[in-house]
Each structure stands twice: as structure tokens, then as C-alpha cells.
Amino acid sequence: MDKGKKDGRAKGFIAEFKKFITRGNVLDMAVGVIVGGAFTSIVTSLNQDILTPILGIFGGTDFSYLTVTLGSGENAPVLNYGNFITAIINFLITALVIFCLIKGINAVGEKVKKKEAAPAAPATKKCPYCLSEIALEAVRCPHCTSHLDEGAGT
């Protein structure tokens, strides 16, 4: 292969990558990942700092300190199943909050969609004689001066 073809492919690849990275959905996804990370830390704090101590009052223990030692001795492996329970609670709280947010956003979207879908009542009608647009309440056409019967026009 000659060098010109390689340079053309490299420039084409860079241009294609630039086009890909600047598309709206990629940027939206990046923002979503960043906000999701921040949201995860908020939910983790809610669980560890507020809910776990409250549940500890009723259950008599804090989940994060629940462990099982496998074997004996100083180097025996320890299963921290309390941390696993805490992670499950974090997941459930996160899922519940996201579910509520999505449900709220969908409800607002449906209301907006219904308002947009509802057709506005017509404000004009056509004169049955000259077919020009006239006000719905008009009893005489301003263009041809014809007297309009009630129910005349469409």
C-alpha cells in the first residue's frame, strides 16, 4: 500500500470518529453516565448513612458488619455478606427512585402529548358563495357581501 492511501484512511477514520463523537446521542450518553455516577453516590449515602442505621434499630444490627469467617486462624477468609445486603438495598432504592422519575417524566410527556394532539376548534369557515375564509361568527361575507344562513359554510 502506498502512503497516500494510508493518510486518506487515517483522515477518513478521524473524520468519522469526530462525526460519531459529536452526535447528540453519544454526548447524551456521556452526560448520563456522569450523572448516574453522582446519583449512585447519593443513593449509597442515603442507604449507608440514613436507612441502614434506621433498619439497624429495628433489626438490632447494622448490615454492613455482618460477616462469616470461613475456617480458623488469623488468615481465614471472611465473607462480608452484610455488604452484599447493603448493595442489594442500594440497588432496590436506586431502581425505585429511577422508576419513580421515569414514571413522572412519562406522565408529564403524556400530558404534553395530549395537549398537542387535541385539535383547536376552528376559528374560520368558508363562504359557500365565494369560498373565501371568513370568521366563524360572520353572518355576512366581507368579500362577496352575501348573507350567510345559519349553518351555511363549512
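Since the structure is predicted, the reported quantities are computational estimates derived from the model, not experimental observations.

Asks: Give me the lowdown on the overall build of the protein chain, citing residues and values where you can.
Replies: Looking only at helices and strands, the protein chain has 3 helices and 4 strands in total. Shown N-terminal to C-terminal, the secondary structure of the protein chain runs as helices and strands in the order α-α-β-β-α-β-β. Sorting the 154 residues of the protein chain into buried and exposed places 14% on the buried side. As displayed, the protein chain has an accessible area near 12300 Å², and 67% of this comes from carbon and sulfur atoms.

Asks: So what's going on with the confidence of the model for the protein chain? Residues and values would help.
Replies: The pLDDT averaged across the protein chain works out to 79; a share of 85% of its residues lies at or above 70. Model confidence for the protein chain, summarised as mean pLDDT per element, is weakest for helix H1 (residues 3-21) at 74 and strongest for strand S2 (residues 78-79) at 88.

Asks: Tell me about the nonpolar core, and name the residues and values.
Replies: Within the largest apolar cluster, 5 residues are counted, these being Cys 127, Ile 134, Ala 138, Cys 141 and Leu 148. Non-local contacts of Cys 141, meaning those with residues more than four positions away in its chain, are made with Cys 127, Cys 130, Ser 132, Ile 134, Ser 146 and Leu 148.

Asks: Account for the side chain of Ser 146, naming residues and giving values.
Replies: One can find Ser 146 in the segment after strand S4 (133-135). When neighbours within four sequence positions are excluded, Ser 146 is seen to be in contact with Tyr 129, Val 139, Arg 140 and Cys 141.

Asks: So what about a nonpolar patch on the surface? Which residues, and what values?
Replies: A cluster of nonpolar side chains, contributed by Val 68, Leu 70, Leu 79, Tyr 81, Phe 84, Ile 88, Phe 91 and Leu 92, occupies part of the molecular surface with about 770 Å² of accessible area. Considering every element that reaches the nonpolar patch, the biggest residue donor is helix H3 (residues 81-117), with 5 residues. Note that Ile 88 resides in helix H3.

Asks: An account of unusual backbone geometry is requested, with residue identities and associated values reported.
Replies: The phi torsion at Leu 131 lies on the positive side, around 60°, for a residue other than glycine. Inspection of the secondary structure assignment puts Leu 131 in the loop between strand S3 (124-126) and S4. Phi is positive for Thr 145, close to 60°, though the residue is something other than glycine. With respect to the helices and strands, the residue Thr 145 is situated in the segment after S4.

Asks: Please set out the environment of Asn 83 residue by residue, giving values where relevant.
Replies: Here Asn 83 shows up in helix H3. Considered as a pair, Asn 83 and Phe 63 are 20 residues apart in the sequence and their alpha carbons are 6.7 Å apart. Residues contacting Asn 83, with those up to four places away along its chain left out, are Phe 63 and Ser 64.

Calculation notes
All residue numbers refer to position in the chain's written sequence, counted from 1. The predicted origin of the model limits local features to residues at a pLDDT of at least 70 and limits the giving and counting of side-chain atom pairs to 80 or more, whereas totals for whole chains, interfaces and linings rest on all residues. As a convention, hydrogens and water are excluded, and side-chain values are obtained from all of the structure's heavy atoms. Helix and strand definitions here come from DSSP, where helices need a minimum of 4 consecutive H or I residues and strands a minimum of 2 consecutive E residues; each element is numbered from the N-terminal end. Buried means the residue's accessible area, taken with a 1.4 Å probe over protein chains only, is under 20% of the maximum for its type, while exposed means over 50%, and partly exposed covers the values in between. Every accessible area reported is derived by Shrake-Rupley at a probe size of 1.4 Å, with residue values counting cover from the shown protein chains alone. For every residue, the predictor states its confidence as a pLDDT score lying anywhere from 0 to 100. Take the buried residues of types Ala, Val, Leu, Ile, Met, Phe, Trp, Tyr and Cys, join any two whose side-chain atoms come within 4.5 Å, and each joined set is a nonpolar core. Contacts between residues were defined by any pair of non-hydrogen atoms, one from each residue, lying within 4.5 Å. In this scheme, patches are assembled from residues that exceed 30% relative accessible area and form no salt bridge. Like charges are connected within 9 Å, while nonpolar side chains (Val, Leu, Ile, Met, Phe, Trp, Tyr) are connected within 5 Å. A pairing counts as a salt bridge when a side-chain nitrogen of Lys or Arg comes within 4 Å of a carboxyl oxygen of Asp or Glu.

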